[in-house]
Amino acid sequence: MRRRVSIFGSTGSIGCNTVDLLRHQGGVESFDVIALTGGARVDLLARQARELEAEIAVTAYPEHLKTLRQALEGTGIKAAAGPEAIAEAAARETDWTMSAIGGCAGLEPGLISLKHGGILALANKESLVTAGPLMLATAQKYGATILPVDSEHSAIFQALVGEDISNVTRMILTASGGPFRNWSHAQLAAATPEQAVAHPNWDMGKMISVDSASMFNKALEMIEAKEFYQVDPKIIEVIIHPQSVVHSMIGHVDGTLMAHMGVPDMRFAIGYALNWPKRRSLPIKNLDLAALGALEFEAPDEQRFPPLRLAREVMMAGGLSGAVFNAAKETAYGAFMARQIGFLDMAALVEQVLSAEIDLCDLKSTTIDLETVLSVDQQVRIKTAEAVKLRQAS
Ligand code: NAD
Ligand code: MG
């Protein structure tokens, strides 16, 4: 059966892997590609749109529209630009949609896509972190299915097949530890953006790579797991596993641990979501256990990596605290990449903003709708940017 598919963020790391799998599974022979969206890499976007014969290609940035139009000339593929055009593209009916825009910008297109009642393959973890209840309620209202495309959450999803989630007593998220796993506090304080983006095991976009180095990624994933699986935050654990071969585990009431294993390749999670509830062969090499030799595990150090502690606070507070946490984190990330603050300042700033906001308003009692989430996101970005300036001045 032919399926209508769209990819939001097709030019990114997850997006390119998704295009790769569509190609591997027959490309235009198997899929009607509706919309592809990207950012500044319009040449790549146009190439993908031509190859997959998309209906529409959208760049997030109006200044790139002219180049995109030129690159698509004579193809009949519509070119468009800006957030409204991305929202309009999301409103085009699909059976399967990949949500792989980076950051909070991925929330709205994902929500709109849920209204088709099909499958939303969700790589954009920020959607669940900032607006988990809204995402789940929208999926339920329109009969849509959200499938996680984070390696950890996909691993847990797969381990849960045929199981009763009420018997799950542990959700163990594995973390590689990133490039700074063994760095001292002093070394972390001096870490540069170049060092932070160089992840040892996974080839990912810049923001998630830096978030992996700081453990903000794992913090987002703890919140993502709590929101998606609707579990007590107390059962969510993090374990450092430098080989990234065990993609996560669930523990049952009888003490059994079920793990998902494989080489570190996001096409496992994307492919599972693409073929669910079936499995198909994927162009991924087999795991050579003998060559690997050993799997290591160690407890995370929350002194050096405070985001894990902050995630627990956010999970307990619930409501809009995830939106506050994410907006502060994205702003602090931007300031770090612009060399306005140091690596450790990111967590310090997020903690500062989070505690100020939790004191200011009862985040739990506020309704979660898109406008409220986006307005909190904007306000917190402004407050965090002010805190960055104060930190620079001191
Ligand atoms: P990336 O930076 O490689 O790609 C992001 C994509 O989003 C690009 O197509 C970019 O053009 C687009 N984009 C960025 N900002 C935008 C905006 N404001 N408006 C519209 N489009 C915008 O990122 P990635 O690594 O592919 O990650 C994408 C999402 O998937 C993130 O939420 C990330 O946390 C999640 N994720 C990624 C991985 C991974 O291995 N890369 C793993 C798990 C989850
Ligand atoms: Mg992950």
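Quick caveat, the model's predicted, so the values are computed rather than measured. (Residues numbered from 1 in each chain as written. Chains lettered and ligands numbered in written order. Predicted model: local features only at pLDDT ≥ 70, side-chain atom pairs only at ≥ 80, totals over all residues. Heavy atoms only, no water.)

1. Describing the domain arrangement of the protein chain
- Examined at the domain level, the protein chain breaks down into domain 1 (3-148) and domain 2 (165-261 + 300-393).
- One C-alpha centre belongs to domain 1, the other to domain 2, and the line joining them spans 25 Å.
- Counting residues at the interface gives 19 residues for domain 1 and 25 residues for domain 2.
- Carbon and sulfur atoms supply 71% of the area that domain 1 and domain 2 bury against each other, a total of about 1800 Å² over both sides.
- Run the count over domain 1 and domain 2 and you get one salt bridge.
- A salt bridge links Glu221 to Lys125, with the shortest nitrogen-to-oxygen separation between them at 2.9 Å.
- Taken together, domain 1 and domain 2 are joined by four residue pairs in polar contact (both at pLDDT 80 or more).
- Elements with a minimum of two residues in the side of domain 1 that touches domain 2: helix 5 (107-114), helix 6 (125-142) and strand 7 (145-148).
- Sorting elements by how many residues they give to the side of domain 1 that touches domain 2 places helix 6 first, with 10 residues.
- Residue classes in the side of domain 1 that touches domain 2 are distributed as 11 nonpolar, five polar and three charged. (Domains from an automatic or database assignment. Contact = heavy atoms within 4.5 Å. Buried area = accessible area lost by both parts, 1.4 Å probe. Salt bridge = Lys/Arg side-chain N within 4 Å of Asp/Glu carboxyl O. Polar contact = N/O pair within 3.5 Å; in protein donor to acceptor, adjacent residues only side chain to side chain. Helix = DSSP H or I, 4+ residues; strand = E, 2+ residues; numbered from the N terminus. Nonpolar A, V, L, I, M, F, W, Y, C, P; charged D, E, K, R; others polar.)

2. Considering the coordination of the magnesium ion (ligand 2)
- Donor atoms from the polypeptide that bind the magnesium ion (ligand 2) are Asp150 (OD), Glu152 (OE) and Glu221 (OE), placed at 2.1 to 2.2 Å.
- Along the chain, the residues that donate to the magnesium ion (ligand 2) are spaced as D-x1-E-x68-E. A residue pair is termed long-range when its members are at least 10 positions apart, and Glu152 in helix 7 (residues 151-159) and Glu221 in helix 11 (residues 216-229) qualify at 69 residues. The pair formed by Glu152 and Glu221 is uniform in burial state, with each residue classed as buried. (Donors = N, O, S within 2.8 Å, 3.2 Å for Na, K, Ca; no water. Buried < 20%, exposed > 50% of the residue type's maximum accessible area, 1.4 Å probe, protein only.)

3. Points about the site of ligand 1
- Near ligand 1 you find 24 residues, and of these Thr11, Ser13, Gly39, Glu126 and Gly205 are the closest.
- Here an oxygen atom of ligand 1 and a backbone polar atom of Ile14 are 2.9 Å apart.
- In isolation ligand 1 has 820 Å² of accessible area, and contact with the protein removes 82% of it.
- For the shell around ligand 1, the secondary-structure elements that each account for two or more residues are helix 1 (13-24) and helix 6.
- Here the shell around ligand 1 spans two domains, since at least three of its residues come from each of domain 1 (3-148) and domain 2 (165-261 + 300-393). (Near = heavy atom within 4 Å. Areas by Shrake-Rupley, 256 points an atom, 1.4 Å probe, with all protein chains shown as cover.)

4. Here we look at the layout of surface pockets
- There is about 340 Å³ of room inside the second largest pocket.
- Taken together, 13 residues make up the lining of the second largest pocket; nearest its centre are Met1, Arg3, Leu274, Asn275 and Trp276. (1 Å grid on protein atoms, 1.4 Å probe; cavity = no way out; pocket = protein on both sides within 12 Å on 5 of 7 lines; lining within 4 Å. Points joined across faces, edges and corners; volume = space filled by probe spheres on them.)

5. What about the sheet that holds strand 2 (residues 31-38)?
- Here seven strands make up an open sheet; going across it, the order is 4-3-2-1-5-6-7 and the pairing parallel. The two strands at the open ends of the sheet, each matched to only one other strand, are strand 4 (78-81) and strand 7. Averaged over all pairs of adjacent strands, the angle between their axes in this sheet comes to 15°, without regard to strand direction.
- In this structure, strand 3 (residues 56-59) lies alongside strand 4, joined through four bridges in parallel fashion. By the bridge assignment, Val58 is partnered in strand 4 with Ala80.
- Of the strands in this sheet, strand 1 (3-8), strand 2 and strand 5 (96-99) touch helix 1, which is tilted by about 160° from strand 1. (Pairing = 2+ DSSP bridges. Axes fitted to C-alpha atoms, helices over the stretch in contact; angles between N-to-C directions.)

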